[in-house]
Amino acid sequence: MGSLYSEYLNPNKVQEHYNYTKETLETQETTSRQVASAFIVILCCAIVVENLLVLIAVARNSKFHSAMYLFLGNLAASDLLAGVAFVANTLLSGSVTLRLTPVQWFAREGSAFITLSASVFSLLAIAIERHVAIAKVKLYGSDKSCRMLLLIGASWLISLVLGGLPILGWNCLGHLEACSTVLPLYAKHYVLCVVTIFSIILLAIVALYVRIYCVVRSSHADVAAPQTLALLKTVTIVLGVFIVCWLPAFSILLLDYACPVHSCPILYKAHYFFAFSTLNSLLNPVIYTWRSRDLRREVLRPLQCCRPGVGVQGRRRGGTPGHHLLPLRSSSSLERGMHMPTSPTFLEGNTVV
């Protein structure tokens with residue numbers, strides 16, 4: 001074990017693994033590669049700004065402090081950190097990769113795995129919250145905030161452990177034949193384990209939403225109200241976008257496990273599939289704000305403050321009159337005696353998150 005960890009600071013180890021798994025090493029910074037890297041960095045900066053605005057909106061407005069919005073805020077936090085991780089990954093790729101020590105390489109790739117894990121567990125938490133709300137199961141009780149925070153904290157702790165397993169020893173240092181082609185310092189069995197766990201969780205989420213739809217279709221009008229269906233549609237869109245964006249990357253990683261070294265040329269283009277997956281973190285805030293007029297106003301408020309001549313009175317006059325807020329049933333307000341709105345919903349065609 002001591003000899004394994006002694007390799008973590010070996011500056012030649014990364015190049016040894018890349019020489020074994022890759023047919024050619026792209027070490028030259030060509031113009032096209034520089035343009036692609038610049039585009040990815042700009043995209044990731046947009047991801048960070050978008051999700052930061054969502055987090056600010058959720059934090060500053062008390063009407064967004066219900067269970068549903070807190071879980072969406074947690075998803076936005078994971079997307080924001082994913083944007084930061086993708087920037088670091090891009091800047092430390094290319095010719096820089098071969099100058100990294102194994103511990104630096106593990107930190108670069110592990111950060112992306114941690115944020116991906118956090119996104120998956122956030123989607124699971126949202127699905128559980130929706131199921132609890134629709135099924136009218138009292139899960140949180142009087143200390144609901146504490147339990148929600150514990151659930152969010154547990155999801156991040158599990159994500160840290162899952163993403164940190166390679167640096168803790170589950171890697172292929174000293175065992176080149178067990179190495180992944182896409183991620184040359186990761187053991188193939190680790191990659192398969194992670195993809196399997198994510199796939200099982202996503203299937204469980206899909207099963208939860210199928211059950212929710214069945215409950216809604218067979219329930220009374222108060223449960224199957226347009227506001228509830230709109231919210232259900234929003235979280236289903238979020239899940240669908242995640243699957244569409246990450247399915248190509250998951251497929252490449254499964255192919256990586258099945259293919260012997262140098263036998264599947266498409267694995268050398270895996271970076272295109274991972275670049276496509278970054279669109280998920282960009283699209284999620286767009287979905288939130290598109291589906292919720294309330295959240296959209298709150299997200300855009302910091303930008304409106306920067307516009308000249310737009311004051312508080314101007315924003316008030318720009319509001320939409322005649323719309324009334326209705327409480328939407330959530331797991332934080334399931335008791336019949338409670339009438340405080342926890343997830344505001346607009347009438348007259350306005351949709352919700």
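All values reported here derive from a predicted model rather than from experimental measurement. Going along each chain's sequence as written, the residues are numbered from 1 onward. Where local features are concerned, this predicted model is filtered to residues with pLDDT of at least 70; where side-chain atom pairs are given and counted, the filter is 80 or more; whole-chain, interface and lining totals use all residues. Side-chain calculation: all heavy atoms of the structure are included, whereas hydrogens and water are not.

Undergrad: How should the packing of helix H3 (residues 31–60) against helix H4 (residues 67–91) be read in this particular structure?
TA: When two helices pack together, their arrangement is given by the angle between the helix axes and by the axis-to-axis distance. Fitted lines through C-alpha atoms give the axes, limited to the stretch in contact for helices. The angle between two N-to-C directions lies from 0 to 180 degrees. Numbered from the N terminus, helices here are DSSP runs of H or I no shorter than four residues, and strands are runs of E no shorter than two. In the contact formed by H3 and H4, the axes pass within 8 Å of each other and the chain directions differ by 155 degrees. The angle between the axes of H3 and H4 places the two elements in the roughly antiparallel class. Classified by chirality, the crossing of H4 by H3 is left-handed. Here Ser37, Ile40, Val41, Cys44, Ile47, Val48, Asn51, Leu52, Val54, Leu55 and Val58 of H3 lie close against H4, whose contacting residues are Tyr69, Gly73, Ala76, Ala77, Asp79, Leu80, Gly83, Val84, Phe86, Val87, Thr90 and Leu91. Residue polarity is assigned by list, with Asp, Glu, Lys and Arg as charged and Ala, Val, Leu, Ile, Met, Phe, Trp, Tyr, Cys and Pro as nonpolar; anything else, Gly included, falls into the polar class. For the contact of H3 with H4, a count of residues per class yields 17 nonpolar, five polar and one charged. What sets the label is the angle itself: under 35 degrees gives roughly parallel, over 145 gives roughly antiparallel, 65 to 115 gives roughly perpendicular, and the rest give oblique. Each crossing gets its hand from how the near helix is turned against the far one by less than a right angle, where anticlockwise is left-handed and clockwise is right-handed. By definition, residues are in contact when any of their heavy atoms lie within 4.5 Å.

Undergrad: Help me understand the state of the cysteines in this model?
TA: Throughout this description, disulfide means a covalent bond between two cysteine sulfur atoms. A pair of cysteine sulfur atoms is labelled a disulfide when the two atoms are within 2.5 Å. Counted under the stated rule, the structure contains two disulfides. Shown here is the disulfide that connects Cys172 with Cys179, its sulfur atoms set 2.1 Å apart. Measuring handedness by torsion sign, the sulfur bridge of Cys172 and Cys179 sits at about 105 degrees and is right-handed. Using a relative accessible area of 1% as the deciding quantity, one classes Cys172 as buried. Buried, partly exposed and exposed residues are distinguished by accessible area as a fraction of the type maximum, computed with a 1.4 Å probe on protein chains only: under 20%, between the cut-offs, and over 50%, respectively. Residue class for Cys179 comes out buried when judged on its relative accessible area of 4%. The disulfide that involves Cys259 links it to Cys264, with 1.8 Å between the sulfurs. Residues Cys259 and Cys264 share a disulfide whose torsion about the S-S bond is about -70 degrees; that sign makes it left-handed.

Undergrad: Would you mind showing me how to read the nonpolar core here?
TA: Remark: nonpolar core denotes a set of buried residues (Ala, Val, Leu, Ile, Met, Phe, Trp, Tyr, Cys) joined through side-chain atoms within 4.5 Å. Counting 75 residues, the largest nonpolar core has Trp105, Ile126, Leu183, Tyr186, Ile205, Tyr209 and Tyr288 as the members making the most contacts within it. Apart from residues no more than four positions distant in its own chain, Tyr209 is found in contact with Ile126, Ala127, Leu232, Val235, Thr236 and Leu239. In terms of nonpolar packing, the next biggest core, distinct from the first, is built from five residues, Ala82, Phe86, Val87 and Ala112 among them.

Undergrad: Whenever I open this one, the packing of aromatic side chains confuses me. Can you help?
TA: The way to describe two aromatic rings as a pair is by their centre distance and the angle between their planes. Side-chain rings of Phe, Tyr and Trp (the six-membered ring for Trp) are treated as a pair once their centres are within 6.5 Å; stacked means planes under 30 degrees apart, edge-to-face means over 60, and tilted covers the remaining angles. In this structure the tally under the stated criterion is 12 aromatic pairs. On the basis of an interplanar angle of 85 degrees and a centroid distance of 5.2 Å, the ring pair of Trp105 and Tyr186 is categorised as edge-to-face. Of the two residues, Trp105 is situated in helix H5 (residues 102–135) and Tyr186 in the loop between helix H6 (144–168) and helix H7 (188–217); the sequence distance between them amounts to 81 residues. Each member of the pair, Trp105 as well as Tyr186, is classed as buried. Relative to Phe250, the ring of Trp246 lies with its centre 6.0 Å away and its plane at 35 degrees, an arrangement referred to as tilted. Of the two residues, Trp246 and Phe250 both sit in helix H8 (residues 226–258), four residues apart, roughly one turn of that helix. Take Phe250: its relative accessible area is 7%, and that puts it in the buried class. The lysine or arginine in question, Arg291, covers the ring of Trp290, its NZ or CZ lying 5.5 Å from the ring centre. Only when the NZ of Lys or the CZ of Arg is both within 6 Å of the ring centre and within 35 degrees of the ring normal is a charge said to sit over the ring.

Undergrad: Explain the UniProt feature "transmembrane region" (unreviewed entry) in the protein to me, please; I cannot follow it from the model alone.
TA: Residues annotated by UniProt as "transmembrane region" (unreviewed entry) correspond here to residues 35–58, 70–92, 112–128, 149–169, 189–210, 230–250 and 270–290. When the span residues 35–58 is considered, its composition is 100% helix and 0% strand, and the gap between its end C-alpha atoms is 35 Å. Counted over residues 230–250, helix gives 100% and strand 0%. Its end C-alpha atoms are 29 Å apart. UniProt positions are given in the numbering used here, feature names are shortened, and annotations may be inferred rather than shown by experiment.

Undergrad: Quick question: what am I supposed to make of empty space enclosed by the protein here?
TA: The method is simple in principle: a probe with the dimensions of a water molecule rolls over the atoms, and the space it marks as empty is what remains. Only protein atoms enter the 1 Å grid used here, on which a cavity is any set of points holding a 1.4 Å probe that cannot leave and a pocket is any open set flanked by protein within 12 Å on both sides along at least five of seven lines; residues with an atom within 4 Å of a point are listed as lining. Grid points are joined across faces, edges and corners, and a volume is the space filled by probe spheres set on the points. This structure, assessed with the given rule, holds two cavities of 30 Å³ or more. Here the largest cavity is characterised by a volume of approximately 60 Å³. As for the largest cavity, its lining consists of Asp79, Ala82, Phe86, Ala112, Thr115, Leu116, Ser119, Phe242, Trp246, Asn280 and Ser281. Breaking the lining of the largest cavity down by element, the ones donating at least two residues are H4, H5, H8 and helix H10 (279–291). A per-element tally of the lining of the largest cavity places H5 first, with four residues. Within this model, the second largest cavity holds a volume of roughly 30 Å³. Together, Leu72, Leu123, Ile126, Tyr209, Val235, Val238 and Leu239 line the second largest cavity. Looking at the lining of the second largest cavity, the elements that each hand over two or more residues are H5 and H8. The greatest single-element share of the lining of the second largest cavity, amounting to three residues, is contributed by H8. Taken together, the residues of the lining of the second largest cavity sort by class into seven nonpolar, no polar and no charged.

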